[in-house]
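The primary structure of each chain is shown beneath.
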Amino acid sequence: MLPVDLPDAVRDALLAPLVDHHCHGVRRDDLSRAQFELLIGESRSPAPPGTTHFDTPLGAAIRRWCAPVLDLEPHVAPAVYLGRRQELGAGEVNRRLLQASGVVAFLVDTGLEAPDLLSAAEMGRHGGAAADEIVRLEQVEQDIADSAAVAVDYMDSLGEELVARAARAVGLKSIIAYRCGLDFDPSRPSRGSVIAAANRRLSDPRERLVDPILLRHLLWTAVDVARDRALPIQFHTGYGDADLDMSRADPAQMTGFIRALQPLGIPVVLLHCYPFHRQAAYLASVFPHVYVDVGLTLTHTAAGSARILDELLELVPFHKQLFSSDCYGLAECCHLGAVYFRLGMAGALGRRVESGEWSAADAARVAHMAGSGNARRVYRL
């Protein structure tokens, strides 16, 4: 899989076990073609009549790299691939693909838990790896909004529940980019404004939280918990599904909040970032507590991901880059995230070694840091 002329030390470092610091559960059930295709893209909509989601970079990558894991030739037709998937059954497919990824630890965002998704513990068992939880803040808030009677109960219960959930987790995560954008007011909201907003919220608690005041209150409550427990906070940035307003998902827009957290020493982890990965690399280069990955970008850009990883390495400090697959629903995405991370890093590191810019030892060290070492340090694994 890796270039034949890659120095042995670099090859060994890239093939070492990875820490997938951000992923979700994969489906435990057998999938129809229609169900499978809905999970290939971020649109969550069927392909137009007469077309298929297999005609995408990710669809082609599945046929190239996942087919051999299921004992098929590369590039088999989609129908052949899906037929083999059905023949093996979801459990065997998940075990093969998760284990083929070479991931030694999964950090699982449990905010999308559902009966048809593997739990964090099951992801670990199927993948033959360790597994820990990342707590999604907005899901905790939804649980509290569903049960709180009055605004004061809402505020007290939110803090208490975050403390309880954080005690079992290795990190926290926010999807505020989806809810109000990353250009939010970075200041902590006043108690009075939170009570007024909470009263409005509790009048219709099943609605998705989009109130900027309550989202900021949620973030700052999480900051208090993260500071006390020395936990990092992840933020979705950049590429995502159709619910996202991409123009408000540029991580540079949350610079004020990042700056406010610097004295507290709380690690801020910017997820995915594309097409703002250069802005993210800048933030990681100037703020000591900021870390980045390109996450699901690896799978969705597939062969193009090598260029994106190379661009990230233009500026990002090497001790600030992490690996994640952001797999959701399909174990294929976990395997492909690992494949394209290794291929992309091999190309970027190999070119630097060949040109004499880096030594092979330098390149191997960077590969180890990005693949697992940085995540172990940030999440205290």
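These numbers were taken from a predicted model, which means no experiment stands behind them.

*Asks:* I'd like a rundown of the sheet that holds strand E1 (residues 18-23), residues and numbers included.
*Replies:* Pairing is parallel in the open sheet, where seven strands are placed in the order E1-E2-E3-E4-E5-E6-E7. Every other strand in the sheet has two partners, leaving E1 and strand E7 (290-292) as the edge strands with one partner each. If you compare each strand with its neighbour and ignore which way they point, the axes differ by 25° on average. Its contacts with the sheet place helix H11 (residues 212-229) against strand E4 (169-174) and strand E5 (233-237), and it is angled at close to 145° to E5.

*Asks:* Which residues make up empty space enclosed by the protein, and what are the values?
*Replies:* Following the criterion strictly, the structure yields two cavities of 30 Å³ or more and no others. There is about 60 Å³ of room inside the largest cavity. Every residue along the wall of the largest cavity is listed here: Asp30, Leu31, Phe36, Leu82, Arg85, Gln86 and Ala90. It is helix H4 (residues 78-88) that provides the largest number of residues to the lining of the largest cavity, a total of three residues. Residues that form the lining of the largest cavity fall into these classes: four nonpolar, one polar and two charged. Volume-wise, the second largest cavity comes out at about 30 Å³.

*Asks:* Please provide a residue-by-residue account of the pairing of strand E3 (residues 130-136), values included.
*Replies:* A regular strand places its side chains so that they alternate between the two faces of the sheet. Pairing between strand E2 (residues 103-109) and E3: five bridges, direction parallel. Across the sheet, the residue bridging to Asp109 is Ile134, located in E3. Handedness of the crossover joining E2 and E3 through helix H6 (residues 120-127) is recorded here as right-handed. Of the strand pairs in this sheet, E3 and E4 are connected by four bridges, and their pairing is parallel. Counterpart to Glu133 in the pairing with E4 is Ala169.

*Asks:* Talk me through helix H5 (residues 90-100); I want residue IDs and the actual numbers.
*Replies:* Helical geometry: 3.6 residues make up each α-helical turn, so side chains three or four residues apart lie on a common side. Among all positions in H5, only Ala90, Val93, Asn94, Leu97 and Leu98 are buried. In an axial view of H5, the angular spread of the buried residues amounts to 115°, which keeps them on one side of the axis. Looking at the buried positions of H5, the neighbouring elements they touch are helix H3 (57-66), H4, E2, H6 and helix H16 (331-354). Trailing H5 by a residue or two, Gly102 shows a phi angle of about 70°, which is positive.

Rules behind the numbers
- Residues numbered from 1 in each chain as written.
- Predicted model: local features only at pLDDT ≥ 70, side-chain atom pairs only at ≥ 80, totals over all residues.
- Heavy atoms only, no water.
- Pairing = 2+ DSSP bridges.
- Helix = DSSP H or I, 4+ residues; strand = E, 2+ residues; numbered from the N terminus.
- Axes fitted to C-alpha atoms, helices over the stretch in contact; angles between N-to-C directions.
- Contact = heavy atoms within 4.5 Å.
- 1 Å grid on protein atoms, 1.4 Å probe; cavity = no way out; pocket = protein on both sides within 12 Å on 5 of 7 lines; lining within 4 Å.
- Points joined across faces, edges and corners; volume = space filled by probe spheres on them.
- Nonpolar A, V, L, I, M, F, W, Y, C, P; charged D, E, K, R; others polar.
- Right-handed = clockwise from strand over helix to strand, strands pointing away.
- Buried < 20%, exposed > 50% of the residue type's maximum accessible area, 1.4 Å probe, protein only.
- Arc of directions from axis to C-beta.

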